[in-house]
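Survey of secondary and tertiary structure
Residue-level listing of the chains:
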Amino acid sequence: MLVNEVRESLIEAAKEARKWAYAPYSQYPVGAALFTASGRIYEGVNVENAAFPMTICAERVAIFKAVSEGEREFRAIAVVTKNGGSPCGACRQVLAEFGLETVVIIADEEGRLRRETTVAELLPESFGPPDLDR
Ligand SMILES: [Zn+2]
């Protein structure tokens, strides 16, 4: 599990990033902060679109930013919403691609920890890279 310092700074980073969410339709801004094995933090926010399916979640923005800069190993991701909402199925699948042991920290807009879990717990019996090798 995570040391308290890392947990707190990730929640704070996600909370700060949330200010930049583009959520005019749902009015549900989300901030995410992804901590990689290299020690960097990548932030993300949800970016909605008038063509609704084009919307992307904060978690995937953070993951894609990290991957596009060469990161492949993740330690933890913090997600901050108004009420401590949990990552959606699509984001769980994208997280699973890079490791089932990634810690998922869920907090509310006050920065209160609501839940700390792992990708494996959020997405049991997932389909991932090893399945393609069988
Ligand atoms: Zn999502």
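Just above sits the structure.
A few points on the structure. Everything quoted here is computed from the prediction, not taken from an experiment. (Residues numbered from 1 in each chain as written. Predicted model: local features only at pLDDT ≥ 70, side-chain atom pairs only at ≥ 80, totals over all residues. Heavy atoms only, no water.)

1. So, the overall build of the protein chain
- Scanning the protein chain from terminus to terminus reveals 4 helices and 5 strands.
- Its C-alpha atoms give the protein chain a radius of gyration of 14 Å, near enough to 14 Å, the size a compact globule of 134 residues would have.
- Projected onto the principal axes, the alpha-carbon positions of the protein chain cover approximately 45 × 40 × 30 Å.
- In the protein chain, which comprises 134 residues, the proportion classed as buried is 45%.
- Counting only contacts in the protein chain whose residues sit at least 6 apart along the sequence, the fraction spanning at least 24 positions is 60%.
- Per element, the accessible surface of the protein chain, about 7,300 Å² overall, is 53% carbon and sulfur.
- Across the protein chain, the mean location of the 15 positive side-chain charges is 4 Å away from that of the 20 negative side-chain charges. (Helix = DSSP H or I, 4+ residues; strand = E, 2+ residues; numbered from the N terminus. Rg over C-alpha atoms; globule rule 2.2 N^0.38 Å. Buried < 20%, exposed > 50% of the residue type's maximum accessible area, 1.4 Å probe, protein only. Contact = heavy atoms within 4.5 Å. Areas by Shrake-Rupley, 256 points an atom, 1.4 Å probe, with all protein chains shown as cover. Lys, Arg positive; Asp, Glu negative; His and termini not counted. Charge placed at Lys NZ, Arg CZ, Asp CG, Glu CD.)

2. Observations regarding the pattern of salt bridges
- Going through the model one piece at a time under the given rule, you end up with 7 salt bridges.
- A salt bridge links Glu 16 to Lys 19, with the shortest nitrogen-to-oxygen separation between them at 3.0 Å.
- Judged by relative accessible area, which is 58%, Lys 19 ranks as exposed.
- In this structure, the salt-bridge partner of Arg 114 is Asp 108, at a minimum N-O distance of 3.2 Å. (Salt bridge = Lys/Arg side-chain N within 4 Å of Asp/Glu carboxyl O.)

3. What to know about the coordination of the zinc ion
- Cys 57 (SG), Cys 88 (SG) and Cys 91 (SG) make up the full set of protein donors to the zinc ion, lying at 2.2 to 2.3 Å.
- Taken in chain order, the donor set of the zinc ion reads C-x30-C-x2-C.
- Judged by relative accessible area, which is 32%, Cys 88 ranks as partly exposed. (Donors = N, O, S within 2.8 Å, 3.2 Å for Na, K, Ca; no water.)

4. Observations regarding the sheet that holds strand 2 (residues 41-45)
- Reading across the sheet, the 5 strands line up as 2-1-3-4-5 and stay open at both edges, with mixed pairing between neighbours. In this open sheet, the two strands that pair with only one neighbour each are strand 2 and strand 5 (113-118). Averaged over all pairs of adjacent strands, the angle between their axes in this sheet comes to 15 degrees, without regard to strand direction.
- Strand direction decides the pairing type here: strand 3 (residues 74-80) and strand 4 (residues 103-107), joined by 5 bridges, are parallel. (Pairing = 2+ DSSP bridges. Axes fitted to C-alpha atoms, helices over the stretch in contact; angles between N-to-C directions.)

5. Let's talk about the pairing of strand 1 (residues 31-36)
- Buried residues dominate strand 1, accounting for 6 of its 6 residues.
- The alternating pattern of strand 1 places Gly 31, Ala 33 and Phe 35 and Ala 32, Leu 34 and Thr 36 on opposite faces, both of which are buried.
- Where strand 1 and strand 2 come together, 5 bridges link them in antiparallel fashion. Residue Phe 35 lies in a different strand from strand 2, and its bridge partner there is Ile 41.
- What sits between the antiparallel neighbours strand 1 and strand 2 is a turn of 4 residues, in which Gly 39 has the positive phi angle 95 degrees.

6. A closer look at the packing of aromatic side chains
- Counting across every chain of the model gives 2 aromatic pairs.
- The interplanar angle of 45 degrees and the centroid separation of 5.4 Å between the aromatic rings of Tyr 25 and Phe 52 together place this pair among those described as tilted. With a gap of 27 residues between them, Tyr 25 in the loop between helix 1 (4-17) and strand 1 and Phe 52 in the loop between strand 2 and helix 2 (58-68) connect regions that are remote in the sequence.
- Each ring, one from Phe 74 and one from Phe 98, has its centre 5.2 Å from the other, and the planes form 45 degrees; the classification is tilted. Here Phe 74 is found in strand 3, whereas its partner Phe 98 is found in the loop between helix 3 (89-97) and strand 4, with 24 residues between them in sequence.
- On the basis of relative accessibility, which here comes to 5%, the residue Phe 74 falls in the buried class. (Phe/Tyr/Trp six-rings, centres within 6.5 Å; stacked < 30°, edge-to-face > 60°.)

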